[in-house]
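Residue-level listing of the chains:
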Number of protein chains: 2
Amino acid sequence: MYRTKTCGELRLANLNETVTLAGWVQRIRKMGGMTFIDLRDRYGITQLFFNQENNANLCEQANKLGREFVLQITGEVAERSAKNAKNPTGDIEIIVSELNVLNAAQTPPFTIEDETDGGDDLRMKYRYLDLRRACVRANLELRHKMTIEVRSYLDKQGFLEVETPVLVNSTPEGARDFVVPSRMNPGQFYALPQSPQILKQLLMVSGFDRYFQIVKCFRDEDLRADRQPEFTQIDCEMSFVEQEDILNMFEGMSRHLFKTIKGIDLPKLPRMTWHNAMKYYGSDKPDTRFEMQFVELMDVLKGFGFSVFDSANYIGGICAKGAASYTRKQLDQLTEFVKRPQIGAKGLVYARIEADGNVKSSVDKFYTQEVLQKLKTAFNAEVGDLILIMSGDDANKTRKQLCELRLEMGSQLGLRDKNKYSCLWVIDFPMYEWSDEENRLMAMHHPFTSPKPEDIPLLDTDPANVRANAYDMVINGVEVGGGSIRIHDAKLQEKVFEILGFTKEEAQAKFGFLMNAFKFGAPPHGGLAYGLDRFVSLFAGLDSIRDCIAFPKNNSGRDVMLDAPGVLDQIQLDELGLIVKEEK
Amino acid sequence: MYRTKTCGELRLANLNETVTLAGWVQRIRKMGGMTFIDLRDRYGITQLFFNQENNANLCEQANKLGREFVLQITGEVAERSAKNAKNPTGDIEIIVSELNVLNAAQTPPFTIEDETDGGDDLRMKYRYLDLRRACVRANLELRHKMTIEVRSYLDKQGFLEVETPVLVNSTPEGARDFVVPSRMNPGQFYALPQSPQILKQLLMVSGFDRYFQIVKCFRDEDLRADRQPEFTQIDCEMSFVEQEDILNMFEGMSRHLFKTIKGIDLPKLPRMTWHNAMKYYGSDKPDTRFEMQFVELMDVLKGFGFSVFDSANYIGGICAKGAASYTRKQLDQLTEFVKRPQIGAKGLVYARIEADGNVKSSVDKFYTQEVLQKLKTAFNAEVGDLILIMSGDDANKTRKQLCELRLEMGSQLGLRDKNKYSCLWVIDFPMYEWSDEENRLMAMHHPFTSPKPEDIPLLDTDPANVRANAYDMVINGVEVGGGSIRIHDAKLQEKVFEILGFTKEEAQAKFGFLMNAFKFGAPPHGGLAYGLDRFVSLFAGLDSIRDCIAFPKNNSGRDVMLDAPGVLDQIQLDELGLIVKEEK
């Protein structure tokens, strides 16, 4: 071992001990005949002291070192005259007697500090240097701790971690697969799993009873800020359970994580139906750190000659407490915000509750104070509040726009504190959603999701209104997990496929494999999957999942550090029997 | 929850309790008016009792059930008249009062018993049914337990589990990569990692200090019995360490696993140099459960007119204790064994130590009893022992043949007990081995492995004799883990590349990425990787790694259950810009 202690552990209690440390040069300061070096390793930073008077030669060597040099030093622990209360080792320093340069270092292209001068692209290219920053490493330490605690909880609950294969076959429905050409089976391809969904259901057919896996999944989608082509799920499945059992089991897991990692006692999770989540928050993943629920205003505001509202199929608004002081400029900016193409609203109506209790709105010419007072009552609004109203043809589309506004107002009013956590279950998702693109009903979750037993009769008469035994866990407006009770009855499964527009032959071709397995005695089962990257990001207070991933890809799916993907040798292509088309 | 108890937990202490169980029908026996059903779940088997007299209707329903039907039953725990001591629940049975068929089942294509009537191919096709067999599930339960204990040990030792990407770039040297075409970067491919070698070394450059990962790795090799295209490694790396630190750390991990999983106190692991492993066992992974070490016989047997030995560059043998009773037929079979093409020896000479102490050999006409007594002495052989001798031009080639014979004799004499474990470190591997194919020295481990400091001068004069800081952990003749101290000095790395025959430009092109990272302050580091599949197989006493993998592939790299790989749609190929060549 190159060291007897780490750079994070020495205290006044170690005074006069002779120790050997190893680490990187964080900083060098020269003051008169003295040289101070901050030596850094994973565990902390310890100050080294060199003195011209004591050992001129050694001090001279120290003066020649640069940032990020790798050192091994031996010396005596001494009390500092100028202590640093911010650093756990700040009471001591090492009076160095031996210095061994283990490796020199070029000056890194950016500073290795929490507040670095390196831009995103540079840091990604030199990710191995970016990972030296304590704030980045802390995210990965957190990730490690969380997976240790997830496994600890699930193991205690009798779950078995079973590895499912990475080289599988292409799955119908869902996102695009990454594929892997098979050299041994020319012309054929494996697919990388989008999730182990079918395999975990097979494990239930196998009687595994309680399965989990922390597992890489792959989706070849066009990437957005918070998507990665490879991501990690905490994937779980249980047999002989109903929805209630799963909600309790995984609420327990979340409680365990909040307690052990964040020291937070999570209250019993509220449950919100999908219907109410849409109605009151315009989202199936409401951020419930703050209220500001939607109020529907068709009864209040329709029919007074304001054509925008009069022709709308939905009018709704939010009340921003204390925001009546918003200036005209701020209100204009909000209007611009909702009119951005990403949101796509036509406009925004506002109403202030003034000091005298009167309501002053941007559409005063259409509404009497009497009507506006009804508006105020609808929101239970008080003096100083700001009401923001949107309308549209399509209720759910408008709700989604209003949701964006609500989140923006929440941010502006400081209601979305990253250190505050609000968790809930969203339940009773619809089985199906209409796809204009495909001109048919699509499975909202996936086609193996079971309908609520009481809604099964509706499958024949009103399938669009059938609710599923599907559930999402939402924290701070982020869907961290979701799942469903699966269909284990072959006949019900056939009917569900029928509604999805598959003929028996198509259903057999696409899903026959799983349906055949179910013929040999499938138990009732269900499960869920958490997005580990998102869960860690939430706990770390990150805006993007990227910083809790050691080696993430950029928005073009490239690893700029490894310079992957790359071009193959002709020999490799030949072995695979593939020709790459020339670009046009 | 569909049950109040599992099928594995009821005992006499639960007498008269009303319980609900769920599981699969293992067996139905009808005796007079009584029906007995064995109900199975992951936790055990419980006997259900139906009686014509008590409830004729229910009994009739029970009689109609078939194997592998999924049931939910409620009933009272009663004491059995005929107890079954072999089954932990064998003292009780359930007098069933309610029966709910959760799912019917077709008769499975083979019996769900430890001793099944299903052949390999059928069981692989219906792997989800094969996994219902308790003996198969036990292997996966063991795998789960082992990974829990590995993580527990490494976490306590301060290791961080860091996930490295699956979509990386093609690595030089080593086996063939699986590749993944990138849709977003047309004409370019990711590679699946053969191991996270480079990434874990980068994590050391990043100061992660102690890293591990239980991680899938991929090699597109032609498969042998005990190879899978995807396999799992326990991958580890440490900074600021020497070989001794790594051996101690991972000897500790093995000790932890043996203790917690098998209840075995592992003694301090012996260390054997690669040189001695080859000399005494003809293998770099000797099975040390039994002695039977090689004795070299050039001095004893050369020069007596037996042309085979007289022209040999190596003569060596083993002494099989108590095997003098081997018949002529058995000895002929051993000769056939070593002459098989897989071994490729030309022949086998034997010598028995007879009851009177005389030695009787198959080459008596060339050797006097005096010489044969020297032979006996060389082995310390005793009355009743059998000496087996092989010779050849190439010492190491002959040693490998003799190794096969030794293992075969070990098996025949019952010396390779699967419940006995003999672990050791093999150390001091050569840095290089000569490749006839490439006509150059090749890295025996990989090109980042550091030479022993004392052998560095030999790099210039006699590179073939330079020993590496490389080590393997061997258990019962299986290499379960291996690794090395890495080079962290750029100049030494350059020299090693030079000896491997790379120009500076080639070295830069192939390994420049890692070498550049090393310029920013690489710490001394090293590590190792265990083959999890092999480790679990050893603990489970399996002959193949296949049965400790939930969904393994066959020797053609196919998953016959999923029917993967498969053909892609033209649309998918077009999106990827690929053309599949027609087969000739």
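Residues numbered from 1 in each chain as written. Chains lettered and ligands numbered in written order. Predicted model: local features only at pLDDT ≥ 70, side-chain atom pairs only at ≥ 80, totals over all residues. Heavy atoms only, no water.

Draft legend 1. How the structure looks around the overall build of chain A. The helix and strand tally for chain A stands at 17 helices and 23 strands. For the C-alpha atoms alone, the extent of chain A along its principal axes is close to 90 × 75 × 55 Å. When each of the 584 residues of chain A is scored for burial, the buried share is 57%. Counted over contacts in chain A with a minimum sequence separation of 6, partners at least 24 positions apart contribute 65%. Put simply, chain A shows about 24,400 Å² of open surface, and 48% of that area lies on carbon and sulfur atoms. In chain A, 73 side chains carry a positive charge and 84 a negative one; their mean positions are 2 Å apart. (Helix = DSSP H or I, 4+ residues; strand = E, 2+ residues; numbered from the N terminus. Buried < 20%, exposed > 50% of the residue type's maximum accessible area, 1.4 Å probe, protein only. Contact = heavy atoms within 4.5 Å. Areas by Shrake-Rupley, 256 points an atom, 1.4 Å probe, with all protein chains shown as cover. Lys, Arg positive; Asp, Glu negative; His and termini not counted. Charge placed at Lys NZ, Arg CZ, Asp CG, Glu CD.)

Draft legend 2. Representation of the sheet that holds strand β14 (residues 349-353) of chain A in the model. All names here are of chain A. Taking strand neighbours across the sheet as the criterion, the five strands line up as β12-β13-β16-β14-β15 in an open arrangement whose pairing is antiparallel. Bordering the open sheet on either side are β12 (295-296) and β15 (359-361), each of which pairs with just one other strand. Two strands pair when backbone bridges link them, and β14 and strand β16 (residues 386-392) are joined in this way by four bridges, in the antiparallel orientation. Following the sheet pairing, A351 is matched in β16 by I387. Against the sheet, helix α11 (residues 369-378) makes contact with β12, β14, β15 and β16, and its axis sits at roughly 100° relative to β15, the strand it touches most. (Pairing = 2+ DSSP bridges. Axes fitted to C-alpha atoms, helices over the stretch in contact; angles between N-to-C directions.)

Draft legend 3. Geometry of the interface of chain B and chain A. Facing the 121 residues of chain B at the interface are 121 residues of chain A. For the pair chain B and chain A, the summed buried surface comes to about 11,100 Å²; carbon and sulfur atoms form 60% of the total. When the buried area of chain B at its contact with chain A is split by residue, E163, F240 and F520 of chain B rank highest and sum to 8% of it. Counting across the interface, chain B meets chain A through 14 salt bridges. Between E163 of chain B and R143 of chain A there is a salt bridge, with the nearest N and O atoms lying 2.7 Å from each other. Where chain B meets chain A, there are 71 residue pairs in polar contact (both at pLDDT 80 or more). Looking at the side of chain B that touches chain A, the element that brings in the most residues is helix α4 (residues 134-156) of chain B, giving eight residues. Class assignment of the residues belonging to the side of chain B that touches chain A gives a composition of 65 nonpolar, 26 polar and 30 charged. Pairing of strand β23 (residues 578-580) of chain A with strand β23 (residues 578-580) of chain B, which is carried by three bridges, proceeds in the antiparallel orientation. (Buried area = accessible area lost by both parts, 1.4 Å probe. Salt bridge = Lys/Arg side-chain N within 4 Å of Asp/Glu carboxyl O. Polar contact = N/O pair within 3.5 Å; in protein donor to acceptor, adjacent residues only side chain to side chain. Nonpolar A, V, L, I, M, F, W, Y, C, P; charged D, E, K, R; others polar.)

Draft legend 4. Looking closely at the relation of the copies chain B and chain A. Each copy of the sequence occupies a distinct position, and chain B is placed on chain A by a rotation of 180° and an axial shift of 0.0 Å, giving an RMSD of 0.1 Å. Overall, the copies show the geometry of a two-fold rotation axis. A share of 100% of the interface residues of chain B reappears at the interface of chain A, consistent with the copies meeting face to face through the same patch. (Least-squares fit on C-alpha atoms with pLDDT ≥ 70 in both.)

Draft legend 5. Molecular detail of empty space enclosed by the protein. Summed over all chains, the structure comprises 14 cavities of 30 Å³ or more. When its volume is computed, the largest cavity comes out at roughly 480 Å³. Lining the largest cavity are 26 residues, and of these R151, I214 and V215 of chain A together with I214 and V215 of chain B lie nearest its centre. For the lining of the largest cavity, the secondary structure elements donating two or more residues are α4 (134-156) and β9 (210-218) of chain A together with α4 and β9 (210-218) of chain B. A total of five residues in the lining of the largest cavity trace back to one element, the largest contributor, which is β9 of chain B. In terms of residue class, the lining of the largest cavity is made up of seven nonpolar, nine polar and 10 charged. (1 Å grid on protein atoms, 1.4 Å probe; cavity = no way out; pocket = protein on both sides within 12 Å on 5 of 7 lines; lining within 4 Å. Points joined across faces, edges and corners; volume = space filled by probe spheres on them.)

Draft legend 6. How the structure looks around the domain arrangement of chain A. As assigned here, chain A comprises domain 1 (12-103), domain 2 (142-272 + 423-548) and domain 3 (290-412). Here domain 1 of chain A and domain 3 of chain A have C-alpha centroids that lie 62 Å from each other. (Domains from an automatic or database assignment.)

Draft legend 7. Seen up close, the packing of aromatic side chains. Inspection of the entire model under this criterion finds 42 aromatic pairs over all chains. Pairing F178 of chain A with Y190 of chain B gives two aromatic rings, centres 6.2 Å apart and planes at 85°, and the pair type is edge-to-face. With F178 of chain A in the loop between β6 (160-161) and β7 (179-181) and Y190 of chain B in strand β8 (residues 189-191), the pair connects residues from two separate chains. Residue F178 of chain A is classed as buried on the basis of its relative accessible area, which comes to 3%. (Phe/Tyr/Trp six-rings, centres within 6.5 Å; stacked < 30°, edge-to-face > 60°.)

Draft legend 8. Highlighting the packing of helix α10 (residues 328-339) of chain B against helix α12 (residues 395-412) of chain B. Residues and elements named next belong to chain B. Running from N to C, α10 and α12 point in directions that differ by 140°, and their axes come no closer than 10 Å. Between α10 and α12, the angle is such that the two are oblique. Two packed elements cross with a definite hand, and for α10 against α12 that hand is right-handed. Between α10 and α12, the residues in contact are L334, F337 and V338 and E404, L405, E408, M409 and Q412, respectively. Residues belonging to the contact of α10 with α12 are distributed by class as follows: five nonpolar, one polar and two charged. (Parallel < 35°, antiparallel > 145°, perpendicular 65-115°, else oblique. Left-handed = near helix turned anticlockwise from the far one by under 90°.)

Draft legend 9. Region of the structure containing the pairing of strand β13 (residues 314-320) of chain A. All names here are of chain A. Extensive coverage of β13 is indicated by the burial of seven of its seven residues. In β13, alternate side chains face the same way, and those of Y314, G316, I318 and A320 on one face and I315, G317 and C319 on the other are all buried. Pairing geometry for β12 and β13, over two bridges, is antiparallel. Within β13, the residue paired with V295 across the bridge is G317.

Draft legend 10. Structural view of the sheet that holds strand β20 (residues 470-475) of chain B. Residues and elements named next belong to chain B. With mixed pairing, eight strands are arranged side by side in an open sheet as β6-β9-β10-β22-β21-β20-β17-β11. Across the chains shown, the open sheet's two edge strands, defined by having one partner strand only, are β6 (160-161) and β11 (271-273). Summarising the sheet, strand β10 (residues 230-239) and strand β22 (residues 525-531) pair through seven bridges and their orientation is antiparallel. The residue bridging D235 from the neighbouring strand is A529, located in β22. Sitting on the sheet, α4 is in contact with β6, β9 and β10, with an inclination near 150° to β9. Contacts from helix α5 (residues 197-205) reach β9, β10 and β22, with the element oriented near 20° to β10.

Draft legend 11. How the structure looks around the pattern of salt bridges. Residue and element names in this part refer to chain A. Enumeration over the complete set of coordinates arrives at 97 salt bridges over all chains. Among the salt bridges present, the one from R467 reaches D455, with a minimum N-O distance of 2.8 Å. With R467 in the loop between α13 (458-461) and β20 (470-475) and D455 in the loop between β19 (440-443) and α13, the pair connects residues that are 12 residues apart, well separated along the chain. R467 gets classed as partly exposed once you look at its relative accessible area, which sits at 29%.

Draft legend 12. Quick look at the state of the cysteines. Residues and elements named next belong to chain A. Following the criterion strictly, the structure yields zero disulfides over all chains and no others. Note on C217: no disulfide assigned, nearest cysteine sulfur contributed by C236 at a separation of 12 Å. With relative accessibility at 0%, the residue C217 sits in the buried group. (Disulfide = S-S within 2.5 Å.)

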